[in-house]
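Residue-level structural notes
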Amino acid sequence: MKMIHRRSRFAAAAACLGLIAAFPAFAPRADAQRLESSMPWIMPFDVGQPLPTSPAKAITSQRQVYDFMWESFVAINWPQLNGGNRAQPDRNATLAHWGAGLESEGPVVWQSYRRPNEVFVKPKQWPIKWNDMPSLQSLCATPGIGQPMTVNSFSTNYSDFSDGLNQPFIQANYPTGPVTDQNGNYLRYEVGMNQAYFTYVGRYRYYNANKQVKAVARYIKFVEKRGKAPAPSNKRKAKRFQPLPNGTEAYLRNLPDYARQGIVEWKAAWKILGADDVPERFYRRAAYFLNPDGSCAGPYVAGLVGLHIHRVTKNGGHIGATFEQVDNTSLQPEYSSHKVPGAAGLPPHASLNPGGETPPAYPNGYAICGPLGIGCQSGIGGNLPAPIKDGQALPGAPQLTNVVRAVPIPAEVQDVNAKWRSQLKGSVWFYYQMIGAQNRNIDVPNPDLGPGVRGAQVSNTTNLINTTLESYTQRGWSCAQCHQNAFPLGVSQPLPPFGQAWDPLHTISFLLQNAQTNK
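Per-chain numbering applies: the sequence of each chain, read as written, is numbered from 1 onward. Where local features are concerned, this predicted model is filtered to residues with pLDDT of at least 70; where side-chain atom pairs are given and counted, the filter is 80 or more; whole-chain, interface and lining totals use all residues. As a rule here, side-chain values cover all heavy atoms of the structure and leave hydrogens and water aside.

Now for the nonpolar core. Take the buried residues of types Ala, Val, Leu, Ile, Met, Phe, Trp, Tyr and Cys, join any two whose side-chain atoms come within 4.5 Å, and each joined set is a nonpolar core. Using a 1.4 Å probe on the protein chains alone, a residue whose accessible area is under 20% of its type maximum counts as buried, one over 50% counts as exposed, and one in between counts as partly exposed. If you look at the biggest cluster of nonpolar residues, it comprises 118 residues, and the most contacted ones within it are Trp110, Tyr200 and Trp429. Setting aside anything within four residues of it in sequence, one finds Trp429 in contact with Phe73, Asn77, Leu95, Ala96, Val108, Tyr283, Leu304 and Leu424. Contact between two residues is taken to exist if any of their heavy atoms lie within 4.5 Å; hydrogens are not considered.

This is the structure we're talking about:
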């Protein structure tokens, strides 16, 4: 790896900026995608409701939710307007095109969402405006059109484990360790929040850990005394904890049309494109990686391999969906020149295992190997790569991870993927697929319980994972099973039960836990 060791964060940033010219600038092309929506750059407001002003339709099938999250995927991956506001789509552009070689693509909307370490800073650093640029102290380079981005990390102070390298936690403060691709390079992770989430955090001062704790205590006291939830408040100095916004709140009405929605948070996984990869099959960005020891690695051409999207809407409630690049664990001819004229050919093997159309079988979906893939042991309890801590240098010869999909993609999801595959010909997003979505059970609606409750009665699925983001927890695991443990600061044992009175505390989002104090 090419390292730029930190003399100071500012010095590292200056050194990284000198390497930008190694990558060509993004030039939008005239390829047009035949998308059903007349405004595909607008994030759909709710399931069956394209805009806030549109009449809402009842959710009668799970397929509606899948299409809604595909529409969200297209909107969030729309090209960013050069010189515009954060997360402002370029309405005159088209989706990232079928490209060739190592040419890098331009940034898309979600890449200018705010990262947690740009929001949950010392409270005295507030107020922060949405369009303020982050400090170079947290970046290797300032991202922009044709410039390398920096894949930074998840968060600020959740633990001392490197959250930009290790996978999400399966136990409190214990991550599952990193994942390496077949080139021996680590996958890298990051997370971000949209303008509605940012506005909510700033309005109620939940960037301040003390404010959160006090608001939660007052909320709990109200419910214990009256047996019901307090009415939501639009006041900036609301005393009790306020629910995450679903897009209908009065304080969101002045946001631009492309930002008028409830919270959206994303979690992304990237890989360095190298030997045996076919670059044009990936959404590509020139990228630096900020290492746990503060050094700057790169620039590389990085390919997006996984993307979680979590949304909150009035009609749909909490909805989580996950997408992957199609070559992660197996080779699929329907996404190649074998079946689609003009598409790129298949690579010789999957990104995360040495197999082709029929990948190897590993118990629990993974095997841990020594350097260079020697001495592989199939996934068994406790057989995980060691997590990497902040301040630690990257190992010189990392363990290799082989990953396969342990749980097949449901047939109905595959049907929806086929529809979108036909619409996205000519775009790099043709090479991406939905793995599934998790939401309240549409067949047996229960308005009192959110999707965080385990069991088929209230959730449409109990097993949904992304092979790049939950490689080691594939069987019997889901978005909600993890995120049902997400609460604001101030919630302690015993945890609040599920039900209308307590639903606002079940945020299903861990980001609020990054709040800090001035001390």
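After that view, the rundown keeps rolling.
Turning our attention to the packing of aromatic side chains. Ring pairs are drawn from Phe, Tyr and Trp, using the six-membered ring of Trp, whenever the two centres fall within 6.5 Å, and their geometry is named by plane angle: stacked under 30 degrees, edge-to-face over 60, tilted for the rest. Considering all chains together, one arrives at 27 aromatic pairs under this definition. Ring geometry for Trp70 versus Phe73: centroids 5.2 Å apart, planes at 80°, classification edge-to-face. Highlighted residues: Trp70 and Phe73, both in helix α2 (residues 62-76), separated by three residues, approximately one helical turn. Take Trp70 and Phe73: they sit in the same class, and that class is buried. Arranged with centres 4.2 Å apart and planes meeting at 5°, the rings of Trp126 and Tyr207 form a pair that is stacked. Of this pair, Trp126 sits in the loop between α3 (116-119) and β2 (149-151) while Tyr207 sits in the loop between α4 (195-203) and α5 (209-226), placing them 81 residues apart in sequence. Tyr207 gets classed as buried once you look at its relative accessible area, which sits at 10%. Sitting over the ring of Trp130, Arg86 keeps its end group 6.0 Å from the ring centre. As a reminder, the over-ring test applies to NZ of lysine and CZ of arginine, requiring each to be within 6 Å of the ring centre and within 35 degrees of the ring normal. Positioned over the ring face of Tyr335 is Arg421, at 4.6 Å from the centre of the ring. A run of DSSP states H or I qualifies as a helix once it reaches four residues; a run of E qualifies as a strand once it reaches two. Both are numbered from the N-terminal end.

This part is about the pattern of salt bridges. Here, a salt bridge means any Lys or Arg side-chain nitrogen found within 4 Å of an Asp or Glu carboxyl oxygen. Applying the stated rule across the entire model yields ten salt bridges. As a salt-bridge pair, Arg114 and Glu118 come within 3.4 Å of each other at their nearest N and O atoms. Here Glu190 makes a salt bridge to Arg115, at a shortest N to O gap of 3.0 Å. Of this pair, Glu190 sits in strand β5 (residues 188-193) while Arg115 sits in the loop between α2 and α3, and the two are 75 residues apart along the sequence. Each of the two residues, Glu190 as well as Arg115, counts as buried. Connected via shared salt-bridge partners are Arg86, Arg114 and Glu118.

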